Every structure is written in structure tokens, then in C-alpha cells.
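Overview (structure and organization)
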Amino acid sequence: MKILGVGFNYRSHCTEAPAIGLPEQAEAEAPLFFHKGDALLKPHTPFFLPDMGSSIEYEAELVLQICRVGKRIAERFAHRYYQRVTVGIDFTARDLQRRAMAEGKPWLSAKVFDGSAVVGEWLDKTELGYPERPIPFSLKVDGRVVQAADSSEMIHGFDRLIAEVSRFQTLRMGDLIFTGTPAGVGPIAIGQTLEGFIGEHKVLHLPIK
């Protein structure tokens, strides 16, 4: 199983980049992909804040689960390659990312550490009314909404992401695609509780230890 992430896929997050110490981001013509290694957190377990001398920040995202093998998938057929969606959190070591971007280096140390990829309960896209209706999602920290958006706000939609990444590597059953975060990212602290929602349905409950 591969875990793929997409960077700067919401205009609101591109706009907030300087405020969180990242270089100003322009809207990209092609998606920006990165790998999350084998960083998936085990289901129903808390996230233990790593002792790595870094500021760890949450990034809530819609996550797709690939349901069939595909290579060089045409965008018009990409909808056949995923059925389930959830809210996930792409934890990021922000200071390491700032340093890597400033030096023109890969983001590996900022994105790939144990448990830094979290996924919630999977829902069927058809039952959510997708694609006729966009998929709304949000993240609460200690009961306060900190991020909220829907799938229509993505710069590159689900099908475009699948078509683009499958040009370069085969997608296989079980692969995960974190589709990008909207504005509102921020640091986490021990004792907090993160909750992810699709619409009014809570799909993720995550204590920070």
C-alpha cells in the first residue's frame, strides 16, 4: 500500500502559506505529489506527539482509497478507481518543512514519521451524493472548528489527481491519496482532541498524547 499526499491543492492554503512561514505559493498547473511512506497510524489509537524537537501541525484532508489496479488512467474513467472516502490528517513537522523548502530539498523528514498519516471511518461516495454534490468536511480541535471546506474547492479534483499520478506509477488496491488541505492548519499539543467530520457525520476521533 502506498500513501500519497498532495501539496497546496486549495487556494486558501496557498494564500495562508506566508502566514505559517512557508514560501508564497502560486496555483500550480499540475498537482504536487509527495509520499508518506508507511506512516499510517493504527486505527483507534491516539497520536503520540513525537519527541523530535519540532512543531507538529495538523492538516485535515479528504482521503481516497483506491479500489482497483490502474496505470495511465484517463481522467474520464478515474471515478471507477475509488469508492470510499474519509477525513484524514497529514501531520507535518512544520519547521522541518520550512527549512527544506527554503533550501530546495525534499520534504521527507517533515512528512514521513511514525503515525503521521491518520484516516477515519470510510464512507461510500455514492451514499454521500458524490459527484452530484460536493463532499463537505471539517476538523475540530477541542470542539472548535479550525478547518472547513468541500471537495469543489480543490484546485485539482479527485479524478484529475488519479489520472495525473497514474501516469508515473501504478495505483493498486488499498493505496491512499490525501487530496490536500484547506486553510486553517495549526500546531497540536498534548491533551487536545481532534475530530474529523464529513458533513455532520463524525468519522475521526483522535486524542493527542
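Read on for an overview of the structure. (Residues numbered from 1 in each chain as written. Predicted model: local features only at pLDDT ≥ 70, side-chain atom pairs only at ≥ 80, totals over all residues. Heavy atoms only, no water.)

**Topic: the sheet that holds strand β13 (residues 193-198)**
Strands sit in the order β10-β9-β13-β14 across an open sheet of four strands; the sheet is antiparallel. Two strands lie at the open edges of the sheet, namely β10 (144-150) and β14 (201-207), each paired on one side alone. Direction aside, neighbouring strands of the sheet carry axes that sit 15° apart on average. (Pairing = 2+ DSSP bridges. Helix = DSSP H or I, 4+ residues; strand = E, 2+ residues; numbered from the N terminus. Axes fitted to C-alpha atoms, helices over the stretch in contact; angles between N-to-C directions.)

**Concerning the environment of F158**
Looking at the element boundaries, F158 is found in helix α4 (residues 158-165). Linking F158 and L123, residues 35 residues apart in sequence, is a C-alpha distance of 15 Å. Once residues within four sequence positions are removed from consideration, F158 is found in contact with L62, L64, Y82, Y130, I135, S151 and T179. (Contact = heavy atoms within 4.5 Å.)

**Here's the deal with helix α2 (residues 94-102)**
Taken together, the buried positions of α2 are occupied by R94, L96, Q97, A100 and M101. Within α2, the buried residues cover an arc of 155° as seen down the axis, which keeps them to one side. In this structure, the buried residues of α2 make contact with β3 (56-58), β6 (92-93) and α3 (108-111). A positive backbone phi angle near 70° is found at G104, which sits one or two residues after α2. (Buried < 20%, exposed > 50% of the residue type's maximum accessible area, 1.4 Å probe, protein only. Arc of directions from axis to C-beta.)

**Comments concerning the nonpolar core**
Core analysis: the biggest nonpolar cluster contains 46 residues, and F47, Y58, I89, F91, I162, L194 and L206 have the highest contact counts within it. In contact with F47, other than residues within four places in its own chain, are L41, I56, F91, F113, D114, G115, S116, I188, L206, P207, I208 and K209. (Core = buried A, V, L, I, M, F, W, Y, C linked by side-chain atoms within 4.5 Å.)

**Remarks on the pattern of salt bridges**
Think of it this way: side chains of opposite charge can pair up when their charged atoms draw near. For the coordinates displayed, the defined rule picks out eleven salt bridges. Between R94 and E57 there is a salt bridge, with its nearest N and O atoms 2.8 Å apart. Separated by 37 residues along the polypeptide, R94 in helix α2 and E57 in strand β3 bring together distant segments of the chain. In this structure, E164 and R160 form a salt bridge, with 3.9 Å as the shortest nitrogen-oxygen distance. Linking E164 with R160, this pair stays in helix α4, spanning four residues, or about one helical turn. Overall, E164 belongs to the buried group, its relative accessible area being 12%. In this structure, a network of salt bridges that share partners links the residues K36, E57, E59, D90, R94 and K111. (Salt bridge = Lys/Arg side-chain N within 4 Å of Asp/Glu carboxyl O.)

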